[in-house]
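Descriptive structure summary
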Amino acid sequence: MWSYTHHEFTVHQIPALQDNYIYLIETNDVLACVDPAESAPVEAACGTLGRKLTHILNTHHHWDHVGGNPELKSKYGCTVIGPSYDVARIPALDQPVSEGDVLHLGNLDMSVLFVPGHTRGHIAYVIEDALFCGDTLFGAGCGRLFEGTPEQMWNSLSKITALPPSTRFYCAHEYTLGNLEFCLERVTQEDVVQQRFTRDSGRRQQGLPTIPGTIGEELATNPFLLPANEVFRNNYVCKHGIKDDPVSVFAHIRAAKDRW
Ligand code: ZN
Ligand code: FE
C-alpha cells in the first residue's frame, strides 16, 4: 500500500488482481473506497488503518471495479455510490450520481464528471486536486472503447484535460509501460516520451507504481491526448493519410493500439 497526501485527505493505493489499483480516500470521518475489484485487500487495508469503510465509489460496472461491492457493503454497511446510467449493472448501488452532482463526504466536496467511452455510463470523481478516473485515462493511455464511440471518448478525455495540469490522477490499472512502448513504436519517439519510459521502467523495476501521474505530464506524453496538439496532428495526418481533425486522429491511434 502506498499513500499520498492532499490538503484535506490522504489517498491509499492498493494493488489488486493482476494489474488493478484500488484506492482508499481517508479523512478523520470518511474512508471511501474507489473501485473495489475484490474485497480481501480492502478489508486488510481497513485493518491496517484501524478504520471502517464508510463509502464505495464506483466509476463503471466492470467486474474488476465492482467485484468487492456486495461483501464490503455487508461487512461495513457502507454507502455505495455509482453512475446513474448503470443502476442495473452495479451490484449493491445505493446512490446513483451523474454529471455535475456534488457529493459531500464529511468535509470533502466531490464532483462527478460523466466520461463515457470505455463504457456508456462511465463517471469520474474530482476531489480538490485529485481525479479518480477508473478506466478512462491511464498512464500514457486510455480505456478501450467497449461501449462508446471515439468521439465520446475524445470528449471525455477533453473534459479531464481541462482540469488544472497539476491535478493528480488515480486510474484503475498499471498499464503505463506497455502504453509507452506502444507510443514509442507506433506514434512518436519524442524525447519526453523516451525520458518518461526510462523513469517509469525504473519505478517498475523497483516494484513501485507509476500512478498517480499528473494531467500536465499526460498532455505532453500520452499518445491518446496528442491529437489536441496541432503540430503533432499535422505530422500524423500526413504520415497516415487520414482526415485532419482530433477525433479522427484519436480513433486511428486507438485502433492501432487495439491491434498492437
Ligand atoms: Zn473497465
Ligand atoms: Fe478495469
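**Concerning the pairing of strand β1 (residues 2-5)**
Taken together, the four bridges between β1 and strand β2 (residues 10-16) define a ladder with antiparallel strand orientation. Looking at the pairing, Tyr4 lines up with Val11 of β2. Here β1 hands over to β2 after four residues, the two strands then running antiparallel side by side.

**A short note on the sheet that holds strand β14 (residues 168-171)**
Strands sit in the order β8-β9-β10-β11-β14-β15 across an open sheet of six strands; the sheet is mixed. Each of the sheet's edge strands pairs with one partner strand only, and the pair in question is β8 (102-105) and β15 (213-214). Note: strand β9 (residues 108-114) against strand β10 (residues 123-127), five bridges, orientation antiparallel. Of the residues in β10, the one forming a bridge with Ser111 is Val126.

**Side note on the coordination of the zinc ion (ligand 1)**
Around a metal, the idealised angle for a tetrahedral arrangement of four donor atoms is 109.5 degrees; for an octahedral arrangement of six donor atoms it is 90 or 180 degrees. Protein coordination at the zinc ion (ligand 1) comes from His60 (NE2), His62 (ND1), His118 (NE2) and Asp135 (OD), with a distance range of 2.2 to 2.3 Å. In this structure, the zinc ion (ligand 1) is surrounded by four donor atoms whose angles at the metal cover 85 to 173°, and the resulting shape is irregular. All donors to the zinc ion (ligand 1) come from one chain, and their sequence spacing reads H-x1-H-x55-H-x16-D. The distance between the zinc ion (ligand 1) and the iron ion (ligand 2) comes to 3.2 Å, and Asp135 binds to both of them. Residue His60 is found in the loop between β5 (55-57) and α2 (63-66), and its partner Asp135 is found in the loop between β11 (130-134) and β12 (137-138); the two are separated by 75 residues along the sequence.

**A closer look at helix α6 (residues 191-205)**
Compared with an ideal rise of 1.5 Å per residue, which puts 15 residues at 21 Å, α6 spans 21 Å between its outermost C-alpha atoms and is within 8% of the ideal. Buried within α6 we find Val193, Arg196, Asp200 and Ser201. Seen end-on, α6 carries its buried residues on one side only, within an arc spanning 135°. Exposed residues on α6 whose side chains face more than 90 degrees from its buried face are Asp191, Gln195, Thr198 and Gln205. At its buried positions, α6 is contacted by α5 (176-187) and α7 (215-221). One or two positions beyond α6, positive phi appears at Gly207, with a value near 75°.

**Thoughts on the sheet that holds strand β6 (residues 79-83)**
Strands in a sheet are paired, the pairing made by backbone hydrogen bonds, and the direction either parallel or antiparallel. Spatially, the seven strands line up as an open sheet ordered β1-β2-β3-β4-β5-β6-β7, and their pairing is mixed. The sheet is open, and its two borders are formed by β1 and β7 (95-97), each paired with just one other strand. Averaged over all pairs of adjacent strands, the angle between their axes in this sheet comes to 25°, without regard to strand direction. Examined bridge by bridge, strand β4 (residues 31-34) and β5 share three bridges and lie parallel to one another. Considered in β5, the bridge of Ala32 is made with His55.

Conventions and cut-offs
- Residues numbered from 1 in each chain as written.
- Chains lettered and ligands numbered in written order.
- Predicted model: local features only at pLDDT ≥ 70, side-chain atom pairs only at ≥ 80, totals over all residues.
- Heavy atoms only, no water.
- Pairing = 2+ DSSP bridges.
- Helix = DSSP H or I, 4+ residues; strand = E, 2+ residues; numbered from the N terminus.
- Donors = N, O, S within 2.8 Å, 3.2 Å for Na, K, Ca; no water.
- Tetrahedral: all angles 85-135°; square planar, octahedral: opposite > 155°, others 65-115°.
- Expected span 1.5 Å × (residues − 1).
- Buried < 20%, exposed > 50% of the residue type's maximum accessible area, 1.4 Å probe, protein only.
- Arc of directions from axis to C-beta.
- Contact = heavy atoms within 4.5 Å.
- Axes fitted to C-alpha atoms, helices over the stretch in contact; angles between N-to-C directions.

By themselves, these figures tell us nothing about what the structure is for.
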